[in-house]
Amino acid sequence: EARDLYLQVLGRQEFLSGKTSKELIGPLNDIVKTSCMAGACYDAMPQLKRLLEIKRATYGNNYADLPFNLQLMGEACEKKGKYAEALNYFNQAVEAQKRIGGSKNNIDMMLAINTGRALEHLSQKPAAKKLYLNLLSQAKQRNLPEDDTVYKAINARMAKLKGSTK
């Protein structure tokens with residue numbers, strides 16, 4: 001029900017401010033958040049695309065949550081089975097994170113794991129394995145403890161990859 005309310009708010013704000021106004025960022029964010037929290041980011045793909053367009057037009061290509069927005073688009077595409085499109089968004093998220101936030105909190109590595117998952121869906125398992133091995137190397141270079149979330153996520157993907165190639 002919250003999503004429906006936010007859609008009404010969005011319609012009202014569009015009427016008042018126009019279809020591309022930065023005033024739509026709040027209502028669009030609310031729609032995306034409520035949809036994703038309900039496990040249905042894919043239902044908010046049109047709003048997420050508009051949110052990306054408006055934020056890019058307003059703030060340029062270096063706003064702080066750009067990697068997160070691109071990540072959500074990738075996940076939504078992945079859930080719809082649009083793996084090539086998901087891969088594109090995941091790659092954009094990694095590049096945006098490197099450009100905007102660098103390796104802070106190892107977010108770049110966590111985003112890259114999603115790139116590997118999309119590669120797996122596209123039957124590009126050797127490329128996914130190469131990516132995961134590169135990420136393991138980066139984790140070691142960054143002196144991450146072996147019980148770190150990054151290691152756990154990479155090892156889980158590697159195990160799944162190994163199990164799918166038997």
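*Asks:* Please explain the packing of aromatic side chains as it appears in this structure.
*Replies:* The geometry of an aromatic ring pair is captured by two quantities: the separation of the ring centres and the angle between the planes. Using the criterion set out here, one finds one aromatic pair in the structure. Ring plane angle 55° and centroid distance 6.2 Å describe the contact between Tyr59 and Tyr63, whose orientation is recorded as tilted. Judged by its relative accessible area of 6%, Tyr63 falls in the buried class.

*Asks:* Would you explain unusual backbone geometry in this entry?
*Replies:* Most peptide bonds are trans, and most residues other than glycine sit at a negative phi. In this model, Ser123 sits at a positive phi of 60°, which is unusual for a non-glycine residue. Relative to the elements of secondary structure, Ser123 occurs in the loop between helix 6 (107-121) and helix 7 (125-141). Exposure remark for Ser123: the relative accessible area of 60% places this residue in the exposed category. The phi dihedral of Asn143 is positive, around 55°, even though this residue is not glycine. Looking at where Asn143 falls in the secondary structure, it is placed in the loop between helix 7 and helix 8 (149-164).

*Asks:* Even after reading the chapter, I still don't get the state of the cysteines, so can you show me in this structure?
*Replies:* By definition, a disulfide links the sulfur atoms of two cysteines through a covalent bond. Scanning the model with the defined rule gives one disulfide in all. A disulfide-free cysteine, Cys77 has its sulfur positioned 11 Å from the sulfur of Cys41, the nearest such atom.

*Asks:* What should I look at first to understand helix 2 (residues 25-37) in this one?
*Replies:* The α-helix winds at 3.6 residues per turn, so residues separated by three or four positions along the chain end up facing the same way. The first and last C-alpha atoms of helix 2 sit 18 Å apart over 13 residues, in line with the 18 Å expected at 1.5 Å per residue. Among the residues of helix 2, Ile25, Pro27, Leu28, Asn29, Ile31, Val32, Thr34 and Ser35 are the ones counted as buried. On the buried face of helix 2, the contacting elements are helix 1 (2-17), helix 3 (45-59) and helix 4 (66-79). The positive-phi residue at the C-terminal boundary of helix 2 is Gly39, with phi of around 80°.

*Asks:* I keep staring at the packing of helix 4 against helix 5 (residues 83-100) and nothing clicks. Help me out?
*Replies:* Axes are the key here: two packed helices are described by the angle between their axes and the distance separating the axes. In contact at an axis separation of 8 Å, helix 4 and helix 5 are set at 165° when each is read in the N-to-C sense. Accordingly, the angle class assigned to the pair helix 4 and helix 5 is roughly antiparallel. Like other packed secondary-structure pairs, helix 4 and helix 5 cross with a definite hand, here left-handed. Counted together, Leu66, Pro67, Leu70, Gln71, Met73, Gly74, Glu75, Cys77 and Glu78 of helix 4 and Tyr83, Glu85, Ala86, Tyr89, Phe90, Gln92, Ala93, Ala96, Gln97, Arg99 and Ile100 of helix 5 form the full contact between these two elements.

*Asks:* Is there a simple way to think about the nonpolar core in this case?
*Replies:* What tends to happen in soluble globular proteins is that the nonpolar side chains get buried as a cluster. Counting residues in each nonpolar core, the largest one holds 45 residues, and the members touching the most others are Leu52, Leu70, Met73, Met109, Tyr132, Leu135 and Ile154. Breaking this core down by element, the ones donating at least two residues are helix 2, helix 3, helix 4, helix 5, helix 6, helix 7 and helix 8. Looking at which element gives the most residues to this core, the answer is helix 5, with seven residues. Setting aside residues up to four positions removed in sequence, Leu70 forms contacts with Leu52, Arg56, Tyr89, Gln92, Ala93 and Ala96.

About the thresholds
- Residues numbered from 1 in each chain as written.
- Predicted model: local features only at pLDDT ≥ 70, side-chain atom pairs only at ≥ 80, totals over all residues.
- Heavy atoms only, no water.
- Phe/Tyr/Trp six-rings, centres within 6.5 Å; stacked < 30°, edge-to-face > 60°.
- Buried < 20%, exposed > 50% of the residue type's maximum accessible area, 1.4 Å probe, protein only.
- Helix = DSSP H or I, 4+ residues; strand = E, 2+ residues; numbered from the N terminus.
- Disulfide = S-S within 2.5 Å.
- Expected span 1.5 Å × (residues − 1).
- Contact = heavy atoms within 4.5 Å.
- Axes fitted to C-alpha atoms, helices over the stretch in contact; angles between N-to-C directions.
- Parallel < 35°, antiparallel > 145°, perpendicular 65-115°, else oblique.
- Left-handed = near helix turned anticlockwise from the far one by under 90°.
- Core = buried A, V, L, I, M, F, W, Y, C linked by side-chain atoms within 4.5 Å.

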